[in-house]
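Report on the structure
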Amino acid sequence: MPPPCSPLDGAPDTTPPAVTREGFRNAMARLGAAVNIVTTDGPGGRHGFTASAVCSVTDSPPTLLVCLNKGSSAAGPVHANGVVCINTLAAGHEPLSNLFGGRTPPEERFASGAWRVAATGAPMLVGAVVAFDCRIVRTVEVGTHNVLFCEVVGVAEGGSHESLIYYSRRYHTLSGPTDD
């Protein structure tokens, strides 16, 4: 297929098409992702938020990235504490995801679920598919978000083999093998 032409001179138009905010958000709804609750505790206080923008960066040193809205009520505590625990949710954790993704006060969020303290001091969800205890080693600002680069200092694998996924603006369950 030939490249699009400029209506003025017939030359190929090399300008990429504009991507609207709505168009981008609709496209991203087609990108399925694990649902996580990212928690923190320390001098900045205990807080947590729901995130699907979590990704592996490298295994040496083991590092994940997490995207955090700069306007989020969790942003201040996360930056002040410098630690997070990324708790990957299991099937049945939809209510907990909604609680941490809404406007519920932080202290009320932690009243649901069972929590223990990770080595960094961040809350770790009992029953998570996997939890990554991390120290934030770098932060990069991009638009409305901060990208947190988090070095993993501990991993706790849960017993569930059913992960909670968010796709097409709905929760879904993904089952994995039950034997290792």
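So, here's what we can say about the structure. (Residues numbered from 1 in each chain as written. Predicted model: local features only at pLDDT ≥ 70, side-chain atom pairs only at ≥ 80, totals over all residues. Heavy atoms only, no water.)

**Structural notes on the sheet that holds strand β1 (residues 33-34)**
The three strands lie next to each other as β1-β11-β12, forming an open sheet whose pairing is antiparallel. Whereas interior strands pair on both sides, the edge strands pair on one side only; in this sheet they are β1 and β12 (170-175). Alignment of strand β11 (residues 162-167) against β12, held across six bridges, turns out to be antiparallel. Following the sheet pairing, Ser163 is matched in β12 by Leu174. (Pairing = 2+ DSSP bridges. Helix = DSSP H or I, 4+ residues; strand = E, 2+ residues; numbered from the N terminus.)

**Looking at the state of the cysteines**
Following the criterion strictly, the structure yields zero disulfides and no others. With no disulfide of its own, Cys85 lies 7.0 Å from the sulfur of Cys134, the closest cysteine sulfur. Of all cysteine sulfurs, the one in Cys134 lies closest to Cys150, which takes part in no disulfide; the gap is 5.1 Å. When its relative accessible area of 0% is taken as the criterion, Cys150 is described as buried. (Disulfide = S-S within 2.5 Å. Buried < 20%, exposed > 50% of the residue type's maximum accessible area, 1.4 Å probe, protein only.)

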